[in-house]
Amino acid sequence: MGKTFFSACPHDCPDACAFKVDVDGGKVRIEANGRLPWTTFICPKGKRWAKRVFDAGRLTSPLLRRGETFLPLAVDDALDIWAERLGRTVERDGPLSVFLYQGAGSLYFSKRLLAHPLAELGGYRTTRGSLCGSAGNAGLRETFGVVPVQSVETLVASARALLFWGRNVAETSLHLLPLLRKIRARGGRLGAVEIRPTATTALVDRWWRIHPGSDAFLAAWLCRALLVRGLASPKWRSRVDDGQAFETFLSGLDDEALLERTGLSSGEARDLLDWLLLDGPVTHYGGYGLQRYLQGKESYRWISALAVLTGAFDGPGGAVLMGKDEMARFPASLLPRPAETERLPVATWHERLEGLTPPIGHLIVTNANPLQQAPDEKGLRRAFASIPFKVCLDVTLTETARACDLVLPVATFLEEGPDWRGSYWHRYLLRSQAVLDPPPSVRPETALFGGLARRLGLKRDPERLMKEMDDLLLADESLEDLGDGVYAWEEPQFWSDPEARAVLPLFLPEPLSPRGGLRLVTVHVASYINGQSWDAPEADDPLEARLTPAEMDRRGLADGDRIRLTAQNGQGLDVEVRAQEGLSEGIVVLPQGRPGLNALTPPLSSPGFGAPYHETFVSIEARTERKGPTEAEDRTGRSGP
Ligand SMILES: Nc1nc2c(c(=O)[nH]1)N[C@H]1C(S)=C(S)[C@@H](COP(=O)(O)OP(=O)(O)OC[C@H]3O[C@@H](n4cnc5c(=O)[nH]c(N)nc54)[C@H](O)[C@@H]3O)O[C@H]1N2
Ligand SMILES: Nc1nc2c(c(=O)[nH]1)N[C@H]1C(S)=C(S)[C@@H](COP(=O)(O)OP(=O)(O)OC[C@H]3O[C@@H](n4cnc5c(=O)[nH]c(N)nc54)[C@H](O)[C@@H]3O)O[C@H]1N2
Ligand SMILES: [Mo]
């Protein structure tokens, strides 16, 4: 007889789906748990977890580096070594000699508990900002004081128009698609501002193609047009701090110069203006791609200003949104409170190692694969090599794990619990149960950090704290138990708050100047999440780059040709090339999340501590004669170590 459990997709995906997991004789099936109304189906990458837990590519034993190879060892021995090395480093150089690097591998709440042993030791160094949305969030916070929240329910019930600013929901937020059909069915309209045709531009009514990084200029042109024509929301002035200064700034701008930066003709821009003004409230639905530039924060400030002028404060359905804090209901009493921390920018921390006192002697990487997902692979490898002891906790032997001294396999969410997660899209919380036992030499991550804590004589044990967290959340009266592990929360809404206000921008960013070569734009794709591409259907396919047909002609390239991309840092990557109509000029597009790609991206930190991946420039060279690449290099499209 099979058994049914309730769980949740662990992915860093806005949809945060509720899972119903059936286990029968060791066979696992993952289905939609419709108690969460937006979980209408489970996508292939969520379903893959049912196989992934049994995949041969999974780590099943701790590994200790011995020269160029790894030796398997028992969990207890691995924890002894970890505790001994960590204890010795802290004793010699103090707590800040430990660096904790945590990524977005799993969004379960228990991941927040892992730092407790380090906090109890006195503190640690860690990253500041994220590889993901911190530039855009900084722009929203500067404008509104917070990252504004609009519920899915309000969007679906009240928005008359949705304008996607680069947000490619048809690949990256599939559970929104049925809701878009609902919005359309009641007469709502969909539009997009993009730099290339996407699955999302294919489904909206209208889309406008702009130059990369030019959203702020388009938004400024639209703001100016609204004010000059007297068509801005009549109430906007009462919700901003210095409307006069904003108007004065806009009155000094030149329409033609603004539009030139965007690549739109004045006719196209006026079409967009008319479209925004057709009727009813507009939600500006911002993406992550448009803030992966040095001025990503400013793009969000200007889209925010436009949202205020198009009536975001006027009534339900008007808004600007991007994401929100999926950890909002994590019990504050369980946050690690280290006496000391030092945060270094997530995209450039490794460049600062040399000057640090105390030096970093011990690196812990968990839920992250920076050697694949963070910029400047080569620089990071150099930094890793300079750190005496490095521990990586993961499900598979990633690029990052391979560069560490000790690798600890972790249990998956199906093998650990009860645990909880929230969403950066909807307002539900999900409680997951353990469904399976982990493989014999694999432990839940909280147990590994708990084992570390016990060996160091510490009291804050993450495994015990996870139980405390479960008790606190079960007793939380602000959560409504809907059954089957789904809890609803009446999340405070920003736009309907009468106190909510905005501070509008008073300058425009410098226009992006091309720095020679093509701008490399990397995008998220439907079939896998972030860097977790190892078991995706296309894992063995060559990486495919997209160029405009004109660019292909200029270079004498045909679909399927092999080319080498060489970045300004001298690093190269071999890919296949294919023409795509409708791409913005001067760019080459690749899917993110594949090994070797971030060898090309420079270590830059953008205002708000984001990672401006799209400030990467490459030259192209045809590789008709392929000499010498090994079969493995061939398959992954990698160009070298
Ligand atoms: N299936 C799947 N879902 C995911 C993810 C995944 O990897 N796979 N990742 C999750 C995570 S962590 C994130 S952060 C989100 C990302 O979600 P999205 O923001 O939807 O995805 P991106 O591909 O980063 O960027 C979206 C679009 O921005 C466009 N773009 C690039 N530059 C500009 C610009 O200057 N202006 C404008 N207007 N558009 C521009 C790109 O062409 C791209 O189509 O998706 C989440 N959901
Ligand atoms: N060039 C380029 N690079 C990008 C992007 C881009 O658009 N272009 N997008 C960026 C974005 S938006 C993001 S969010 C980052 C994501 O990059 P990361 O934060 O590194 O996230 P992932 O690659 O999803 O997952 C990291 C690792 O976590 C592991 N993992 C899964 N579950 C667990 C667990 O329970 N415990 C532990 N210890 N490990 C687990 C996975 O196996 C995986 O190896 O990538 C960024 N990198
Ligand atoms: Mo992300």
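Definitions and cut-offs
- As a convention, each chain's residues are numbered from 1 in the sequence order in which they are written.
- Numbering of ligands from 1 and lettering of chains from A proceed in the order in which they are written.
- Since the coordinates come from a predicted model, pLDDT governs what is reported: local features require at least 70, and pairs of side-chain atoms require 80 or more to be given and counted, while whole-chain, interface and lining totals use all residues.
- Processing note: side-chain calculations cover all non-hydrogen atoms of the structure and skip hydrogens and water entirely.
- Residues are classed as near a molecule or strand on a simple rule: at least one heavy atom within 4 Å of it.
- Between N or O atoms, a polar contact is any pair within 3.5 Å; within protein, one atom must be a potential hydrogen donor and the other a potential acceptor, and residues adjacent in sequence are included only when both atoms are from side chains.
- Note that accessible areas follow from Shrake-Rupley with a 1.4 Å probe, and for residues the cover is restricted to the protein chains shown.
- Only Asp, Glu, Lys and Arg are considered charged, only Ala, Val, Leu, Ile, Met, Phe, Trp, Tyr, Cys and Pro nonpolar, and every remaining residue, Gly among them, polar.
- Helical segments are the DSSP runs of H or I of at least four residues, strand segments are the runs of E of at least two, and each set is numbered from the N terminus.
- Annotation comment: domain bounds sourced from an automatic or database domain assignment.
- Axes, fitted as lines to C-alpha atoms, cover a helix only where it is in contact. Angles between the N-to-C directions of the axes lie from 0 to 180 degrees.
- Should an angle lie under 35 degrees it is considered roughly parallel, over 145 roughly antiparallel, and from 65 to 115 roughly perpendicular; all remaining angles are considered oblique.
- We call two residues contacting when some pair of their heavy atoms lies within 4.5 Å.
- Between the rings of Phe, Tyr and Trp (Trp by its six-membered ring), a pair exists once the centres lie within 6.5 Å; its type follows the angle of the planes, with under 30 degrees stacked, over 60 edge-to-face, and the other angles tilted.
- Exposure classes here rest on a 1.4 Å probe applied to the protein chains alone. A residue is buried below 20% of its type maximum, exposed above 50%, and partly exposed in between.
- Put simply, a charge is over a ring when the Lys NZ or the Arg CZ is close to the ring centre, within 6 Å, and near the line of the ring normal, within 35 degrees.
- Put simply, buried Ala, Val, Leu, Ile, Met, Phe, Trp, Tyr and Cys residues joined by side-chain atoms within 4.5 Å make one nonpolar core.
- For any pair of parts, buried area is found by adding up, for both, the accessible area (1.4 Å probe) each one loses once the two are put together.
- Whenever Lys or Arg places a side-chain nitrogen within 4 Å of a carboxyl oxygen from Asp or Glu, that contact is recorded as a salt bridge.
- Strands were regarded as paired on the criterion that DSSP finds at least two bridges between them.
- For any pair of crossing helices, the crossing counts as left-handed if the nearer helix is rotated counterclockwise from the farther one by less than a right angle, and right-handed if it is rotated clockwise.

Undergrad: Could you give an account of the site of ligand 2, naming the residues involved and the relevant values?
TA: With respect to spatial proximity, 27 residues lie near ligand 2, and among them Gln373, Asp394, Glu445, Thr522 and Asn598 are the closest. Between ligand 2 and the protein, one listed contact pairs a nitrogen atom with a side-chain N or O atom of Asn367 at 3.1 Å. In isolation ligand 2 has 920 Å² of accessible area, and contact with the protein removes 96% of it. Residue composition of the shell around ligand 2, by class: seven nonpolar, 15 polar and five charged.

Undergrad: So, the site of ligand 1: which residues are in play, and what are the values?
TA: Residues in close proximity to ligand 1 total 33 residues, the closest being Gly166, Glu194, Gly213, Tyr288 and Arg292. At 2.9 Å from an oxygen atom of ligand 1 is found a main-chain nitrogen or oxygen belonging to His524. At 3.1 Å from a nitrogen atom of ligand 1 is found a main-chain nitrogen or oxygen belonging to Ala526. Burial of ligand 1 by the protein amounts to 99% of the accessible area it has alone, namely 900 Å². Contributing elements (two or more residues each) for the shell around ligand 1: helix H7 (169-172) and strand S9 (189-194). A per-class count over the shell around ligand 1 returns 14 nonpolar, 11 polar and eight charged. Split by domain, the shell around ligand 1 shows at least three residues from each of two domains, domain 2 (134-321) and domain 3 (518-636).

Undergrad: Before we move on, can you summarise the packing of helix H10 (residues 215-228) against helix H11 (residues 243-251) with the specific residues and values?
TA: At a minimum axis distance of 10 Å, the contact between H10 and H11 shows a crossing angle of 105 degrees. As far as their axial angle goes, H11 and H10 are roughly perpendicular. For the pair formed by H10 and H11, the contact residues are Ala220, Cys223, Arg224 and Leu227 on the first element and Phe246, Glu247, Leu250 and Ser251 on the second. Per-class residue counts for the contact of H10 with H11 are five nonpolar, one polar and two charged.

Undergrad: Summarise the packing of aromatic side chains; cite the residues concerned and give the values.
TA: Taken as a whole, this structure holds 20 aromatic pairs when the rule is applied. Ring centres of Phe144 and Phe494 lie 5.4 Å apart, and the angle between their planes is 70 degrees; on these two criteria the pair is classed as edge-to-face. Of this pair, Phe144 sits in helix H5 (residues 134-144) while Phe494 sits in the loop between strand S20 (486-489) and strand S21 (518-523), placing them 350 residues apart in sequence. Side by side, Phe144 and Phe494 carry an identical accessibility label, which is buried. With centroids separated by 6.0 Å and ring planes inclined at 40 degrees, the aromatic side chains of Phe249 and Trp302 adopt a geometry described as tilted. Here Phe249, found in helix H11, pairs with Trp302, found in helix H14 (residues 296-309); they are 53 residues apart in sequence, far enough to count as distant. With relative accessibility at 22%, the residue Phe249 sits in the partly exposed group. Here a set of aromatic residues connected by ring pairs shows up, and it is made of Phe19, Trp49, Tyr108 and Phe413. The lysine or arginine in question, Arg112, covers the ring of Phe330, its NZ or CZ lying 5.8 Å from the ring centre. The ring of Trp275 has Arg189 sitting right over it, with the charged end atom 5.0 Å from the ring centre.

Undergrad: Could you give an account of the nonpolar core, naming the residues involved and the relevant values?
TA: The nonpolar side chains of soluble globular proteins are, as a tendency, buried together. Counting residues in each nonpolar core, the largest one holds 65 residues, and the members touching the most others are Trp165, Phe246 and Leu309. With 11 residues, H10 is the largest single contributor of residues to this core. Of the domains in this structure, domain 2 (134-321) and domain 3 (518-636) are the two that each give at least three residues to this core. When near neighbours in sequence (up to four residues on either side) are disregarded, Leu309 contacts Cys223, Leu226, Leu227, Ala232, Ser233, Trp236, Phe246 and Leu504. Residues Val23, Trp38, Ala170 and Val204 belong to the second largest nonpolar core, which totals 46 residues.

Undergrad: Explain unusual backbone geometry to me, using residue names and the numbers behind them.
TA: The omega torsion across Thr357 and Pro358 is -10 degrees, close enough to zero to call that bond cis. Secondary-structure assignment places Pro358 in the loop between strand S13 (340-345) and strand S14 (362-366). Within the chain, Asp376 stands out as a residue other than glycine whose phi angle is a positive 65 degrees. Along the chain, Asp376 turns up in the loop between helix H15 (370-373) and helix H16 (377-386). What makes Asp376 buried here is its relative accessible area of 10%. One non-glycine residue with positive phi stands out, namely Asp484, at about 55 degrees. Looking at the secondary structure, you find Asp484 in the loop between strand S19 (479-483) and S20.

Undergrad: Describe the domain arrangement of the chain, naming the residues involved and giving the relevant values.
TA: Parsing the chain into structural domains produces domain 1 (63-130 + 342-411 + 437-475), domain 2 (134-321) and domain 3 (518-636). When each unit is reduced to the centre of its C-alpha atoms, the spacing between domain 2 and domain 3 is 29 Å. In this complex, domain 2 contributes 18 residues to the contact, which on the side of domain 3 involves 24 residues. Here domain 2 and domain 3 share an interface that buries about 1,800 Å² over both sides, 58% of which is from carbon and sulfur atoms. Counting the surface domain 2 buries against domain 3, the share from its top three residues, Arg196, Arg292 and Leu294, is 37%. Counting every contact that joins domain 2 to domain 3 gives zero salt bridges. Between domain 2 and domain 3 we count 10 residue pairs in polar contact (both at pLDDT 80 or more) in total. For the side of domain 2 that touches domain 3, the secondary-structure elements that each account for two or more residues are H5, H7 and strand S10 (206-209). For the side of domain 2 that touches domain 3, the element with the most residues is H5, which contributes three residues.

Undergrad: So what's going on with the pairing of strand S25 (residues 587-591)? Which residues, and what values?
TA: The buried count for S25 comes to five of five residues, which makes it a mostly enclosed element. Burial along S25 is two-sided: Ile587, Val589 and Pro591 and Val588 and Leu590, pointing in opposite directions, are all buried. Bridge analysis of S21 against S25 gives five bridges, and the strand direction is parallel. The residue of S25 that forms the bridge with Thr522 is Leu590.

Undergrad: Explain the side chain of Glu399 to me, using residue names and the numbers behind them.
TA: Relative to the helices and strands, Glu399 resides in helix H17 (residues 399-402). Within the structure, the side chain of Glu399 is placed 2.9 Å from the side chain of Arg381, a separation counted as a polar contact.

Undergrad: Report on the packing of H11 against H14, specifying residues and quantitative values.
TA: In contact at an axis separation of 14 Å, H11 and H14 are set at 110 degrees when each is read in the N-to-C sense. The orientation of H11 relative to H14 falls into the category roughly perpendicular. Crossing of H11 against H14: the hand is left-handed. Residues Phe246, Phe249 and Leu250 of H11 lie in contact with H14, whose contacting residues are Trp302, Ala305 and Leu309. Grouping the constituent residues of the contact of H11 with H14 by class yields six nonpolar, no polar and no charged.

Undergrad: Give a description of the sheet that holds strand S18 (residues 428-432) that names residues and reports values.
TA: Strands sit in the order S17-S18-S20-S19 across an open sheet of four strands; the sheet is antiparallel. Of all strands in the sheet, those bounded by a partner on one side alone are strand S17 (419-421) and S19. Direction aside, the axes of adjacent strands within the sheet are offset by 25 degrees on average. Here S17 pairs with S18 via three bridges, running antiparallel. The residue of S18 that forms the bridge with Trp420 is Arg431. Against the sheet, helix H19 (residues 462-474) engages S17, S18, S19 and S20, with an angle of about 60 degrees to S17.

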